[in-house]
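Listed here are the chains, written in short residue letters.
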Amino acid sequence: EPEIAHVGLYPRDMESGGIAYRTFTKPFAAVDRAILEGDTEGFVKIHTKQGSDEILGATIVGPNAGDMISEISVAMESKMGLGALASVIHPYPTKAEAVRQCGDLYNKTRLTVFVKGVFRKLMQLQR
């Protein structure tokens, strides 16, 4: 307790291999299903190659981590990047939503200053 699941490379592997990477983490405390169940301990952590959405590794800590890691394993095997994984429909509310939210975090890094400005203005208009 808690359950831990991992696939792919660990940060120490990437560092020792000279691989530049980024890590996207979503704690279960920010996932609606975990909040509803009162079980907010744990997280989903996904490592991508720097400047790319190629998934190099992932760790999930929390209930059903072993079941949740499968989605990331399939994405890695099929060469689906984290950005594309975010566009997959995830049932709501489920803890697997944390995987999609990590993809959303990656997609936010792709926004240029101009696009961020446009989105900010659109959001202001909607309020």
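Residues numbered from 1 in each chain as written. Predicted model: local features only at pLDDT ≥ 70, side-chain atom pairs only at ≥ 80, totals over all residues. Heavy atoms only, no water.

**What to know about the overall build of the chain**
Along its length, the chain carries six helices and four strands. Along the three orthogonal principal directions, the C-alpha set of the chain runs to about 45 × 40 × 25 Å. Burial analysis of the chain (127 residues in total) assigns 32% to the buried set. Separation of charge centres in the chain, based on 15 positive and 15 negative side chains, amounts to 13 Å. (Helix = DSSP H or I, 4+ residues; strand = E, 2+ residues; numbered from the N terminus. Buried < 20%, exposed > 50% of the residue type's maximum accessible area, 1.4 Å probe, protein only. Lys, Arg positive; Asp, Glu negative; His and termini not counted. Charge placed at Lys NZ, Arg CZ, Asp CG, Glu CD.)

**Some words on a negative patch on the surface**
Together, Glu-1, Glu-3, Glu-41 and Asp-67 make up a negatively charged patch on the protein surface. You can see Asp-67 is positioned in helix 3 (residues 65-77). You can call Asp-67 exposed: its relative accessible area is 58%. (Patch = residues over 30% accessible without salt bridge, like charges linked within 9 Å, V, L, I, M, F, W, Y side chains within 5 Å. Areas by Shrake-Rupley, 256 points an atom, 1.4 Å probe, with all protein chains shown as cover. Salt bridge = Lys/Arg side-chain N within 4 Å of Asp/Glu carboxyl O.)

**Overview of the pairing of strand 4 (residues 55-61)**
Most of strand 4 sits inside the fold, with seven of its seven residues counted as buried. Examined bridge by bridge, strand 1 (residues 4-8) and strand 4 share five bridges and lie antiparallel to one another. What sits directly across from Ile-4, in strand 4, is Val-61. Note that strand 3 (residues 43-49) and strand 4 share six bridges and pair antiparallel. Across the sheet, Val-44 pairs through a bridge with Ile-60, a residue of strand 4. The antiparallel hairpin formed by strand 3 and strand 4 contains five residues in its connecting segment, where Gly-51 sits at a positive phi of about 80 degrees. (Pairing = 2+ DSSP bridges.)

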